[in-house]
Amino acid sequence: MTQVYLPRTLTELWTYLDGEPEALIYTGGTDLLVKMPAENANTAPALICLERLGELRCIRETADSILIGSTTTHAELLRHPLILAQLPVLAQALQTLGSPLIRNMGTIGGNICTASPAGDTLPPLYILEAEVELHSRKAVRILPIREFISGPGKTQLQKGEILSGVAVKKPADYNIHHFEKVGQRKSMACAVASMAALLRLSPSGLIEAARLALGSVGPTVVTATAIDESLIGKKLSLTSLAATAERIRQLVAPIDDVRASADYRRTVSGNLLLRLLDARTQ
Ligand SMILES: Cc1cc2nc3c(=O)[nH]c(=O)nc-3n(C[C@H](O)[C@H](O)[C@H](O)COP(=O)(O)OP(=O)(O)OC[C@H]3O[C@@H](n4cnc5c(N)ncnc54)[C@H](O)[C@@H]3O)c2cc1C
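Residues numbered from 1 in each chain as written. Predicted model: local features only at pLDDT ≥ 70, side-chain atom pairs only at ≥ 80, totals over all residues.

1. Notes on the overall build of the chain
At step 1: Each helix and strand counted, the chain has 12 helices and 13 strands in total.
At step 2: Since a compact globule built from 282 residues should have a radius of gyration of about 19 Å, the 19 Å found for the chain is in line with a globular shape.
At step 3: In terms of overall dimensions, the chain has a C-alpha envelope of 60 × 45 × 30 Å along the principal axes.
At step 4: Looking at the chain residue by residue over its 282 residues, the buried ones come to 38%.
At step 5: Considering only intrachain contacts with a sequence separation of at least 6, the fraction spanning at least 24 residues in the chain is 64%. (Helix = DSSP H or I, 4+ residues; strand = E, 2+ residues; numbered from the N terminus. Rg over C-alpha atoms; globule rule 2.2 N^0.38 Å. Buried ≥ 20, exposed ≤ 12 C-beta atoms within 10 Å, placed from the backbone. Contact = placed C-beta atoms within 7 Å.)

Below, the structure is given as structure tokens:
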């Protein structure tokens, strides 16, 4: 029978990991348990579930950052006033993730560690310049999320390490926070293409700063400083956005899969930029 351990503290976790170094770690299980074939369930390595690790279930504010513990669920994030007020681009993405049931079980740590190009929290976390905190018995290390995720399903997580949290800088200077996802349905659908955007508009309507990130159109989230800079000094108009939309279509590297063709994804990734014309200023 596969053993399942449920540590309540980090000290308990390290003890379980010492005894079961090959154990698979999970939190909500909405990715890992779904992928485990039922017929192998009894021969799988031991499982360590982080769900009850209260010390990693938190949302805290410092002067310039917001820190989110890795076992915080999507539903908890969506209920939290700090996330709603300070990180609307993340809140918008969370609203599109799965269903109420999935948001109650699934966690931000699980979404990051799954490292799917379609992971809904990833484009917002990239433009919020998130840093992940990795914890082992002996050390804590911090990595920018774009270095932590190295490919589809691939991360820099090492044996004996867990993701303990993620920190983002408050994006105080931006007055447009926008996330949009195109899927095969309006809910319970993985992204065919998605875009997270932060823009700062001057009182006269000129774009002073821009950060864009695209999901599901490359092996990892796609960002490009040249694309962001091409918007600066422009009005938020169809003409200026159409030129950048074309550059986005040339930049992305989508694949054909069961959900959409690469060509469709390429077209949609540019079209998502045009949706900024309808974005509300905060
Ligand atoms: C029906 C359904 C619909 C879904 N819809 C969406 C969707 O719309 N958008 C979307 O982005 N995702 C979706 N998902 C995927 C999933 O729900 C999310 O990725 C969720 O955030 C995963 O979190 P979790 O805690 O359940 O991860 P788990 O399944 O517990 O873990 C996922 C991976 O991360 C690792 N892991 C988890 N926590 C840690 C940690 N703290 N430290 C180290 N490693 C860790 C595990 O080893 C595993 O490899 C869906 C899943 C299902 C079943």
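2. Some points on the domain arrangement of the chain
At step 1: Structurally, the chain comprises domain 1 (4-49), domain 2 (55-169) and domain 3 (176-278).
At step 2: The C-alpha centroid of domain 3 is placed 37 Å from the C-alpha centroid of domain 1. (Domains from an automatic or database assignment.)

3. Overview of the sheet that holds strand β7 (residues 140-144)
Within a beta sheet, neighbouring strands are joined by backbone hydrogen bonds and run either parallel or antiparallel to one another.
At step 1: As summarised here, the arrangement of the 5 strands in space is β4-β5-β10-β6-β7, forming an open sheet in which the pairing is antiparallel. Edge positions in the sheet fall to β4 (59-61) and β7, since each has one partner strand and no second. Each strand of the sheet is rotated relative to its neighbour by a mean of 20 degrees, with strand direction disregarded.
At step 2: Here strand β6 (residues 131-135) runs beside strand β10 (residues 162-169); their pairing, made up of 5 bridges, is antiparallel. Of the residues in β10, the one forming a bridge with L134 is L163. (Pairing = 2+ DSSP bridges. Axes fitted to C-alpha atoms, helices over the stretch in contact; angles between N-to-C directions.)

4. Comments concerning unusual backbone geometry
At step 1: Residue E129 is not a glycine yet carries a positive backbone phi of 50 degrees.
At step 2: The residue E129 is located in the loop between α8 (122-127) and β6 in this model.
At step 3: We classify E129 as partly exposed; it has 14 C-beta atoms within 10 Å.
At step 4: Phi at S216 is positive, roughly 70 degrees, even though this residue is not glycine.
At step 5: Within the secondary structure layout, S216 lies in the loop between β13 (207-215) and α10 (225-230).

5. Some thoughts on helix α12 (residues 262-274)
In an α-helix there are 3.6 residues to a turn, and that puts residues three or four apart on one side.
At step 1: With 13 residues, α12 extends 19 Å from end C-alpha to end C-alpha; this agrees with the ideal 18 Å at 1.5 Å per step.
At step 2: Turning to α12, its buried residues number three or more, namely R265, R266, V268, S269, G270, L272 and L273. (Expected span 1.5 Å × (residues − 1).)

6. Some words on the site of the ligand
At step 1: What surrounds the ligand is a group of 30 residues, the closest being G28, G106, G110, N111 and C113.
At step 2: Top contributing element to the shell around the ligand by residue count: helix α7 (residues 108-114), with 5 residues.
At step 3: Taken together, the residues of the shell around the ligand sort by class into 15 nonpolar, 13 polar and 2 charged.
At step 4: Counting contributing residues per domain, the shell around the ligand is built from domain 1 (4-49) and domain 2 (55-169), each supplying no fewer than three. (Near = placed C-beta within 6 Å. Nonpolar A, V, L, I, M, F, W, Y, C, P; charged D, E, K, R; others polar.)

7. Comments concerning the pairing of strand β12 (residues 193-201)
A regular strand places its side chains so that they alternate between the two faces of the sheet.
At step 1: Of all 9 residues making up β12, 7 are buried, and the element is well covered by its neighbours.
At step 2: Alignment of strand β11 (residues 176-182) against β12, held across 7 bridges, turns out to be antiparallel. Counterpart to F179 in the pairing with β12 is A196.
At step 3: With 8 bridges connecting them, β12 and β13 associate as antiparallel partners. Each bridged residue has a counterpart across the sheet, and for L201 the counterpart in β13 is I207.
At step 4: Where β12 folds back on β13, the antiparallel hairpin that results is connected by 5 residues, among which G205 adopts a positive phi of roughly 90 degrees.

8. Some remarks on the sheet that holds strand β3 (residues 47-49)
At step 1: Read from one edge to the other, the open sheet built from 3 strands follows the order β1-β3-β2, with strand pairing classed as parallel. The open sheet has two edge strands with one neighbour each: β1 (4-5) and β2 (24-26).

9. Let's talk about the packing of helix α11 (residues 238-251) against α12
At step 1: Running from amino to carboxyl end, α11 crosses α12 at an angle of 150 degrees, the nearest separation of the two axes being 8 Å. The angle between α11 and α12 places the two elements in the roughly antiparallel class. Seen along the crossing, α11 lies across α12 with a hand that is right-handed. For the pair formed by α11 and α12, the contact residues are L238, L241, T244, A245, E246, I248 and R249 on the first element and R266, T267, S269, G270, N271, L273 and L274 on the second.
At step 2: In the contact of α11 with α12, the residues fall into 6 nonpolar, 5 polar and 3 charged. (Parallel < 35°, antiparallel > 145°, perpendicular 65-115°, else oblique. Left-handed = near helix turned anticlockwise from the far one by under 90°.)

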